[in-house]
Structures are given as C-alpha cells and as structure tokens.
Amino acid sequence: MMDVTKCAIQEALIDLGRAFDGFFKKRVKYPKPKKKGLHDSFTMSSGTFAVDGDRIRIPRLGYVRMSEACRFDGKSLSATVSRTADQWFVSLSVEIDDQALTDKPHRSVGVDLGVTTFASLSDGTKVAGPKAHSRLLAKQARLNRQLSRKNQGSKNRHKAKMKLARLHARIANVRKDSIHKLTTELASNYEVICIEDVNVSGIVKNHNLARVVSDMGFFEFRRQLGYKCERNGSTLVAIDRWYPSSKTCSSCGEVIGSLPLRVRTWTCEGCGAEHDRDINAAINIERVGLASIPSPTASSAGSNDRGDGGSGQSLDFGSATGETTIVEAVSEPQTSNSKFV
C-alpha cells in the first residue's frame, strides 16, 4: 500500500460505496471485484495531481509526459489513469464555464437505425456504419488461434495477447470515432432529433442479429446523442419501440400487414408511392416525434427544410402505442472530460 498513491485505494472504496448504493436501490446487480489485468485503472482526486502543459504529476511516479496538453482551461477535478492493451491513458475532468448556445441551421430530423445502413435520416441521407468488427473478424480469429497455441506464462503468449488486445482496441476506436462524428453533427445542426427507443438488449438475444447490432453500437449512439443534445440545447425525442415506422406509408398513412427484413423497398397499395424502407421509417419517426412535443417547438419544427412536404404535411398517422420519451435540454454547469494517449 505504501508503493502506490493513497487515492488509488480511497477512490476504489468510494466506487464500491456507489456500487452497493445502486445494488440496495435495485438498480444494478451485486458488485463484483475487479480482476488485475482487466480494465486496469485508478482515479486521483483534485489536489493530488498537477497538470503542467503536456505533463502530469502523478504521486509516487512524478511527472509523466502526455501526447498533448489539456485542451480546456479550468479547475481540474479528477484524473483517471487507465490502460488499454499496451497503451496508457489519462482522463481529466475539468470544470469549465457554460458554452454559448448557437442557432441550429435545421429544425428537425428523424433518425432510423439499421443493420444494413447504420443511420438513415428523414432528409434522405444515409450513413453507412464502419462495421470494424466484421471487416477485421478474420484477423481476430487468426490471432485467437495463435494465442491458443502459446504456452501459459511464456513471453510469446504475452506478445500474442497484446497483439490481440491492440486489435480489439482498434475495433472499438473505429466504432467510437464514427459514432462521435455522427452524434456531434446531429446535435449541432438540428433543434429536434427524433429516434426510436430501440430494445438493444432484446435484439442481441437473436443470434442472427447479435453480432451486427453489437458492431453498430446502437446503445452507445443513444447515450452519446443524449448528453450532446443537452450540451448543445437540442431536444431529443424517443418514440415508442412498437410504432410500425417501417410499415407505415409516409405519404398516405396506410399500414401494411408485414414487411420482412429482406425487403428494402416497397410500394404502397393505397397511393402507389414507392418507399425506401429506412428513409420511410425515418420520416415517420420524425412526424410522430414532433407530434408528441406539447409545445410551440413542434409546430415551428413541423415545417421541414427539405421542401418536399416532409413534416409540414398535416396527415394523421396516429401516435406511438406507448409513452414517448422527451429529453429536454437544460443549461447546467458543464464538466468536460478529455482523454489523452
């Protein structure tokens, strides 16, 4: 205990207290102890570390050089040192002033997530997912086989383990990079963002969809979009997951009986309009989301910038079968987290 900083032990006990608090309130399961070698990290509180340009002073270690200086000016609240594969990171929590909100160039958008195309927007834009895990699956299998052939405790096994860990880190970084870029663009350019409340935990139980859904990162997309909308002053609306957005015609409102996943385009029997499955769903998600906002924002955002009728048409498509979640943006003091490698 004398060889490490006291914060490593104190913050671990604080985290344990939070874990038991969540367990007794029946929010999470019984806490499990961390294992050495998996998710290695420790946290330092304010006053026990110091940042000097591109260096950080860590107790018992001294000054350690960072790849870049901190990008934010403010009081450093905490620092978390973590390891991913054979690389070390420090995450700094900095208290900064509220950022001035800027006007959004667009009023509203509907977003439909899918396995073929990661995100389809109601303005006709399609965003292809990187599918990093699918592209590197063969390499991952080869490295796994190489690791299994190495002797336990040997240096060659450690080298093979680090090589596999670097590949997993690369896959995760490619996925997070694409999600960060998309969510930042949406939260910065749209006043109202409408999405579906996707049941990710239920979808991954289907072994035919589990790998591709996990590779896309639906839950991470929803999580990032939530806090970025709050930070940028946008409104995030999540409509009910059971609303038939893909099977509802965005032109006349007719709902077809069935629409298998293999069918990507379909023609409405009522009005004869041809629809792309994902774009049609995004338009319906936008309309239902805007209709669920009990404020003038919905009427002002109803006039879409597309100019093709879009959300401006006063058609009755009903409402979602369950509750619609509206996450309003609020202005609060911001704490920015920056990660350096």
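The rules we used
- Residues numbered from 1 in each chain as written.
- Predicted model: local features only at pLDDT ≥ 70, side-chain atom pairs only at ≥ 80, totals over all residues.
- Heavy atoms only, no water.
- 1 Å grid on protein atoms, 1.4 Å probe; cavity = no way out; pocket = protein on both sides within 12 Å on 5 of 7 lines; lining within 4 Å.
- Points joined across faces, edges and corners; volume = space filled by probe spheres on them.
- Helix = DSSP H or I, 4+ residues; strand = E, 2+ residues; numbered from the N terminus.
- Nonpolar A, V, L, I, M, F, W, Y, C, P; charged D, E, K, R; others polar.
- Contact = heavy atoms within 4.5 Å.
- Core = buried A, V, L, I, M, F, W, Y, C linked by side-chain atoms within 4.5 Å.
- Buried < 20%, exposed > 50% of the residue type's maximum accessible area, 1.4 Å probe, protein only.
- Patch = residues over 30% accessible without salt bridge, like charges linked within 9 Å, V, L, I, M, F, W, Y side chains within 5 Å.
- Areas by Shrake-Rupley, 256 points an atom, 1.4 Å probe, with all protein chains shown as cover.
- Salt bridge = Lys/Arg side-chain N within 4 Å of Asp/Glu carboxyl O.
- Pairing = 2+ DSSP bridges.
- Axes fitted to C-alpha atoms, helices over the stretch in contact; angles between N-to-C directions.
- Phe/Tyr/Trp six-rings, centres within 6.5 Å; stacked < 30°, edge-to-face > 60°.
- Lys NZ or Arg CZ within 6 Å of the ring centre and 35° of its normal.

Now for the layout of surface pockets. Approximately 800 Å³ is the volume attributed to the second largest pocket. Along its surface, the second largest pocket is lined by 25 residues, and Glu196, Ile203, Ser246, Leu261 and Arg277 are the ones closest to its centre. Only strand S7 (106-113) and helix H8 (277-291) provide two or more residues apiece to the lining of the second largest pocket. Counted by class, the lining of the second largest pocket contains 12 nonpolar, 5 polar and 8 charged residues.

Moving on, we get to the environment of Thr5. Position of Thr5 among the secondary structure elements: in the segment before helix H1 (6-24). Residues Thr5 and Phe42, 37 residues apart in the sequence, show an inter-C-alpha distance of 9.5 Å. Setting aside residues no more than four positions away along its own chain, Thr5 makes contact with Phe42, Pro59 and Arg60.

Right, let's get into the nonpolar core. Core analysis: the largest hydrophobic core is formed by 21 residues, its most contacted members being Val111, Phe118, Leu186, Ile193, Ile195, Phe221 and Leu225. Of all the secondary-structure elements, those providing two or more residues to this core are S7, strand S8 (119-121), helix H4 (155-189), strand S10 (190-196), helix H6 (210-216), helix H7 (218-232) and strand S11 (235-239). Setting aside chain neighbours within four positions, we find Ile195 in contact with Val111, Phe221, Arg222, Leu225, Leu236, Val237, Ala238, Ile239 and Ile285. One finds Cys7, Ala79, Leu92 and Ile96 within the second-largest nonpolar core, a separate group that totals 12 residues.

The grouping of Met1, Val4, Ile9, Leu13 and Leu16 at the surface amounts to a nonpolar patch, some 500 Å² of accessible area in total. Mapping Leu16 onto the fold places it in helix H1. A residue is classified by how much of its surface remains accessible, and Leu16, at 39% relative accessible area, is partly exposed.

We now examine unusual backbone geometry. You will see that Arg60, though not glycine, has its phi angle at about 75°, which is positive. Checked against the element boundaries, Arg60 lands in the loop between strand S3 (55-58) and strand S4 (62-65). Arg60 gets classed as exposed once you look at its relative accessible area, which sits at 58%. In this model, Lys131 sits at a positive phi of 50°, which is unusual for a non-glycine residue. Along the polypeptide, Lys131 turns up in the loop between strand S9 (126-127) and helix H2 (132-135).

As a further point, take the environment of Cys271. Its location among the elements puts Cys271 in the loop between strand S12 (265-267) and strand S13 (274-276). Separated by 17 residues in the primary sequence, Cys271 and Glu254 place their C-alpha atoms 8.6 Å from one another. Every residue in contact with Cys271, bar those within four places of it in the chain, is listed here: Cys249, Ser251 and Cys252.

A separate point is the sheet that holds S3. What the 3 strands build is an open sheet, ordered S2-S3-S4; its pairing is antiparallel. This sheet does not close on itself; its edge strands, each paired only once, are strand S2 (50-52) and S4. Averaged over all pairs of adjacent strands, the angle between strand axes in this sheet comes to 30°, irrespective of strand direction.

This paragraph deals with the pattern of salt bridges. In total, this model carries 13 salt bridges according to the counting rule given. For Asp15, the salt bridge identified is with Arg18, shortest N-O distance 2.7 Å. Of the two residues, Asp15 and Arg18 both sit in helix H1, 3 residues apart, roughly one turn of that helix. Overall, Asp15 belongs to the partly exposed group, its relative accessible area being 40%. Classification of Arg18 as exposed rests on a relative accessible area of 54%. Residue Arg83 is joined to Asp40 by a salt bridge in which the shortest nitrogen-to-oxygen separation is 3.1 Å.

Bringing the packing of aromatic side chains into the picture now. Applying the stated criterion across every chain yields a total of 6 aromatic pairs. Ring plane angle 25° and centroid distance 6.0 Å describe the contact between Phe20 and Phe24, whose orientation is recorded as stacked. In this pair, Phe20 and Phe24 are both assigned in helix H1, 4 residues apart and thus about one turn of the helix distant. For the pair Phe118 and Phe221, a centre-to-centre distance of 5.6 Å together with 90° between the ring planes defines the contact as edge-to-face. With Phe118 in the loop between S7 and S8 and Phe221 in helix H7, the pair connects residues that are 103 residues apart, well separated along the chain. This pair shows no difference in class: Phe118 is buried, exactly as Phe221 is. Chaining the aromatic ring pairs together yields one cluster made of Phe20, Phe23, Phe24 and Tyr30. Above the ring of Tyr63, the side-chain terminus of Arg55 is found at 4.1 Å from the ring centroid.

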